[in-house]
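# Chain and residue survey
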Amino acid sequence: MLYDLSLHMGYTYDVPASGARHVIRLLPLSLPDRQRLIAGSVTVSPATDEKVTFIDFFGQQATSVLVRAPHDRLDIRMQARVMVEAPTMQADLSPTLDVLRKELAEVWSVDPSSPHHFTGSSPRLPEEPAIAAYARQAVKPGQTVREIAAALCTRIHKDFKYDPEATTVDTTPKEAFKLKRGVCQDFSHVMIVALRSLGIPAGYVSGFLRTIPPPGKERLEGADAMHAWVRIWCGDALGYVELDPTNDIPAGSDHIVVGYGRDYSDVAPVIGVLKGYGNQKADQAVDVIPVK
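Residues numbered from 1 in each chain as written. Predicted model: local features only at pLDDT ≥ 70, side-chain atom pairs only at ≥ 80, totals over all residues. Heavy atoms only, no water.

Per an unreviewed UniProt entry, the recorded name for the protein is Transglutaminase-like putative cysteine protease, and the organism is Rhizobium wenxiniae.

In structure tokens, the structure reads:
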């Protein structure tokens, strides 16, 4: 499937800001047998004094920009054309939890794809006893890792309500779990904490969802903004599987990957610092349009 993507992110400041340095992660990845970035660009207004592009640890393209002059508005625009391959059916070759622990112990690599990066705590995801108990309730004897992940994905989808007003970007998994409400970031963070509590390596995926659904299909939750879902390591034979707890579906040709990380902090679309005071308002618009 061929897609044209466009995104606009805007920040309006009560008082003009200056000396602003931001790191932007918005361009989709090129992934073998998954998706290909044909063309893409990121532009910033007002004009930048510095602009440097680099590849981060997890292989995501990032752009660092500096705007020295005072400005009361910052606009970031991304445009891209991406080819996404239809997913292939995979047999469940994942092990049980006991066997997974043995396979994980035999992985000696610490390269960006190593499952060791996606175990235990990470900057935004401390251990949470309540979520761990919730995860244990979803496990049945003899289940494979993939079956456990799918069961948790379905349970979170059923137990949580999609509510853009309930949480903010800084809401913790503990708070979102208590509310049983939130957006894709919250659904994904809770699922990652739950999986890691069982010893299953799990990470965060940032990306986009198809805006216009195919004929006869319902619009997916989270399609109006950047989206997030979960990447699970299911052992040596199966490798990584991606599930979307917000919509209770496997990630497929409607999902376009921007970046992989341990949690949101590794793949935040815009992070930075600036000189200023007062409040700021943010707005965002996303279009993911299939190319006929």
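## Focus: the nonpolar core
Under the convention used in this document: What we call a nonpolar core is a set of buried Ala, Val, Leu, Ile, Met, Phe, Trp, Tyr and Cys residues that are connected through their side-chain atoms within 4.5 Å. The classification of residues rests on relative accessible area computed with a 1.4 Å probe and restricted to protein chains. Under 20% of the type maximum is buried, over 50% is exposed, and intermediate values are partly exposed. Contacts were defined at the residue level, with two residues in contact if any of their heavy atoms lie within 4.5 Å.
Core analysis: the biggest nonpolar cluster contains 41 residues, and Leu152, Met191, Leu195, Ile200 and Ile232 have the highest contact counts within it. Here leucine 152 is in contact with Tyr134, Ala135, Ala138, Ala194, Leu195 and Leu198, once residues within four sequence places are set aside. Of all hydrophobic cores here, the second largest spans 27 residues; its members include Leu5, Val42, Val44 and Ile76.

## Section: the sheet that holds strand β11 (residues 249-250)
Pairing between the strands of a sheet comes from backbone hydrogen bonds, and it takes one of two forms, parallel or antiparallel. The following threshold applies: Pairing between strands is defined by DSSP: at least two bridges between the two strands are required. Helix numbers and strand numbers start at the N terminus; a helix is a DSSP run of H or I with at least 4 residues, a strand a run of E with at least 2.
The antiparallel open sheet is built from five strands, whose spatial order is β11-β10-β9-β8-β12. Single-partner strands in this sheet number two, and they are β11 and β12 (255-261). One ladder, built from six bridges, connects strand β8 (residues 202-209) with strand β9 (residues 227-233); its direction is antiparallel. Across the sheet, residue serine 206 finds its bridge partner in β9, namely alanine 228.

## Digging into the pattern of salt bridges
Oppositely charged side chains are able to pair whenever their charged atoms sit close together. Quick reminder of the rule: By definition here, a salt bridge exists when the distance from a side-chain nitrogen of Lys or Arg to a carboxyl oxygen of Asp or Glu is within 4 Å.
With the rule as written, the count across this model stands at 13 salt bridges. In this structure, aspartate 266 engages arginine 262 in a salt bridge whose closest nitrogen and oxygen atoms are separated by 2.8 Å. Owing to a relative accessible area of 13%, aspartate 266 belongs among the buried residues under this scheme. When its relative accessible area of 28% is taken as the criterion, arginine 262 is described as partly exposed. Residues joined in a network through salt bridges with shared partners are Arg21, Glu50 and Arg68.

## A few points about unusual backbone geometry
Proline 46 follows serine 45 through a cis peptide bond whose omega is 5°. Mapping proline 46 onto the fold places it in the loop between β2 (35-45) and β3 (50-55). Of note, the phi angle at aspartate 33 is positive, near 60°, even though the residue is not glycine. In the Ramachandran plot, lysine 180 falls in the positive-phi region, its phi being about 55° despite a non-glycine side chain.

## Description of the domain arrangement of the protein
To keep it simple, the criterion reads: For the purposes of this description, domain bounds are those given by an automatic or database domain assignment. As used here, buried area is the combined drop in accessible area, with a 1.4 Å probe, of two parts when they are placed together. In the analysis that follows, any N or O atom pair within 3.5 Å is treated as a polar contact, provided that within protein one partner can donate a hydrogen and the other can accept it, and provided that, for residues neighboring in sequence, both atoms belong to side chains. Residue polarity follows a fixed list, in which Ala, Val, Leu, Ile, Met, Phe, Trp, Tyr, Cys and Pro are nonpolar, Asp, Glu, Lys and Arg are charged, and the others, Gly among them, are polar.
Splitting the protein by domain gives domain 1 (2-85 + 269-290) and domain 2 (97-267). Between the C-alpha centres of domain 1 and domain 2 the distance comes to 24 Å. At the junction of the two partners, domain 1 supplies 26 residues and domain 2 supplies 31 residues. For domain 1, the biggest contributors to the area lost against domain 2 are Arg34, Phe58 and Val288; these three give 28% of the whole. Applying the counting criterion to the domain 1 and domain 2 interface returns one salt bridge. Between arginine 34 and glutamate 242 there is a salt bridge; the shortest N-O distance is 2.9 Å. Taken together, domain 1 and domain 2 are joined by six residue pairs in polar contact (both at pLDDT 80 or more). Here the element with the most residues in the side of domain 1 that touches domain 2 is strand β14 (residues 280-290); it accounts for six residues. Residues of the side of domain 1 that touches domain 2, tallied by class, amount to 18 nonpolar, three polar and five charged.

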